[in-house]
Amino acid sequence: MRLVDSHCHLNADRFDGDVDLVVGGARLAGVERILVPGWNVASSERALAVVDRFPWMDAAVGVHPHDAANVDEAGWATISGWADDPRVVAIGETGLDFDRVFSPIPDQLANLRRNLRLALDTGKPAILHCRSSDGARDAQDALVGELRAAGVGGPSWTAAFGDRPPAIIHSYSGPADYARIVVDLGLAMSFSGLVFRRGEEVAATAAAIAAADRLLVETDSPFLSPPGAPRRRNSPEWVAITARWLAERRGETEASLGEVLVASYDRTLPSHRRPA
Ligand SMILES: [Zn+2]
């Protein structure tokens, strides 16, 4: 089965000792594309270093909601400066986290807005993390409000992205009507090992209605191990488990879903460095 990992933190220090082995395992499992997102200045710089080491991979630079309060103007200027780099194919990860609230919500909103602005200015999709606490949907509702307020789906975004997705909902989580809104906004949806957790059953509905040309799969390594992967550290080879789940939800063979995933990745995250 052809595989992609659209969200994999090989820039995390937990991969320092054995990244070559981890990447070798991913290749053996069929992984052909990996996107390495940053979450602050240092991790964005490390994402660039990872793709220098593995030129077939792609990087994203941006500020995670957890770090929203910790990145100052100088840090943001550094990240913005990297956004035009050909190694960078997306802006993020950014978004909203109303579950853990490691940064105050006003800081998260301001951070999301400037990351979205950078996505619009560069024509590179925003990678959106969005989590509410168990049973709640306040972060999803706020995210949709922010996307609409930023004009996503309107003329300026259409001019910048054409018919490509302007954003990726990373590690999909949220109610069914939110999934429908995400589809209607033309966003890409990326599914992770989170779909196997209790309380995330609605992800099956989202997986079934996602458009084939904006469907992605990811590990969020080193986090969110799916059942069957080591609990202590997830790694990109285990994306196969979630991809098989996606194939079942969509009534497709693994082989045909694999073709869909690679095509969707290349369309959503075009790169001049990656041979077509
Ligand atoms: Zn992440």
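This structure is a prediction, so every number in the text was calculated from the model and none was measured.

Student: A description of the environment of Arg-137 should follow, citing residues and the corresponding values.
Tutor: Mapped onto the elements, Arg-137 comes out in the loop between β5 (126–131) and α5 (138–149). Once the C-alpha coordinates of Arg-137 and Ala-69 are considered, the two residues, 68 residues apart in sequence, prove to be 23 Å apart. Engagement of the side chain of Arg-137 in a polar contact is seen with the side chain of Asp-177, the distance being 2.9 Å.

Student: Which residues make up the coordination of the zinc ion, and what are the values?
Tutor: Ligation of the zinc ion by protein atoms is provided by His-7 (NE2), His-9 (NE2), Glu-93 (OE) and Asp-220 (OD), these donors lying 2.0 to 2.6 Å from the ion. Around the zinc ion, the 4 donor atoms sit at angles spanning 88 to 177 degrees, and that spread fits a shape best called irregular.

Student: Talk me through the pairing of strand β7 (residues 188–191); I want residue IDs and the actual numbers.
Tutor: Along a regular strand, successive side chains alternate from one face of the sheet to the other. Burial along β7 is two-sided: the face carrying Ala-188 and Ser-190 and the face carrying Met-189 and Phe-191 are both buried. As paired strands, strand β6 (residues 167–169) and β7 are joined by 2 bridges and run parallel to one another. Bridge pairing in β7 links Ile-169 to Met-189. For the handedness criterion, the β-α-β arrangement of β6, helix α7 (residues 176–184) and β7 is classed as right-handed. Pairing of β7 with strand β8 (residues 215–217) involves 3 bridges; the strand directions are parallel. Across the sheet, residue Met-189 finds its bridge partner in β8, namely Leu-215. Tracing the backbone out of β7, into helix α8 (residues 203–209) and back to the parallel element β8 gives a crossover that is right-handed.

Student: Help me get a handle on the side chain of Ser-6, residues and values and all.
Tutor: Checked against the element boundaries, Ser-6 lands in the loop between β1 (3–5) and α1 (19–29). At 2.7 Å, the side chain of Ser-6 and the side chain of Ser-190 are in polar contact. Setting aside residues up to four positions removed in sequence, Ser-6 forms contacts with Leu-35, Ser-190, Leu-216, Val-217, Glu-218 and Tyr-265.

Student: Give a detailed account of the pattern of salt bridges, specifying residues and quantitative values.
Tutor: The tally for this structure, following the rule as stated, stands at 20 salt bridges. Taking the shortest distance from any N to any O, the salt bridge between Asp-52 and Arg-87 comes out at 2.9 Å. Taken as a pair, Asp-52 in helix α2 (residues 41–53) and Arg-87 in the loop between α3 (73–82) and β4 (88–97) lie far apart in primary sequence, 35 residues in all. Of the residues examined, Asp-52 reaches a relative accessible area of 47% and is grouped as partly exposed. Close ionic contact of Arg-214 with Asp-213 constitutes a salt bridge, the shortest N to O distance being 3.2 Å. Using a relative accessible area of 13% as the deciding quantity, one classes Arg-214 as buried. Taking relative accessible area as the criterion, Asp-213 reaches 32% and is therefore assigned partly exposed. Residues joined by salt bridges that share partners form a network here, namely Asp-163, Asp-213, Arg-214 and Arg-267.

Student: With reference to specific residues and values, describe the side chain of Asn-115.
Tutor: Residue placement: Asn-115 occurs in helix α4 (residues 105–122). Its relative accessible area of 0% is what places Asn-115 among the buried residues. Ignoring anything within four residues of it in the chain, the contact list for Asn-115 reads Gly-62, Val-63, Trp-76, Ile-91 and Thr-94.

Cut-offs and rules
- Residues numbered from 1 in each chain as written.
- Predicted model: local features only at pLDDT ≥ 70, side-chain atom pairs only at ≥ 80, totals over all residues.
- Heavy atoms only, no water.
- Helix = DSSP H or I, 4+ residues; strand = E, 2+ residues; numbered from the N terminus.
- Polar contact = N/O pair within 3.5 Å; in protein donor to acceptor, adjacent residues only side chain to side chain.
- Donors = N, O, S within 2.8 Å, 3.2 Å for Na, K, Ca; no water.
- Tetrahedral: all angles 85-135°; square planar, octahedral: opposite > 155°, others 65-115°.
- Buried < 20%, exposed > 50% of the residue type's maximum accessible area, 1.4 Å probe, protein only.
- Pairing = 2+ DSSP bridges.
- Right-handed = clockwise from strand over helix to strand, strands pointing away.
- Contact = heavy atoms within 4.5 Å.
- Salt bridge = Lys/Arg side-chain N within 4 Å of Asp/Glu carboxyl O.

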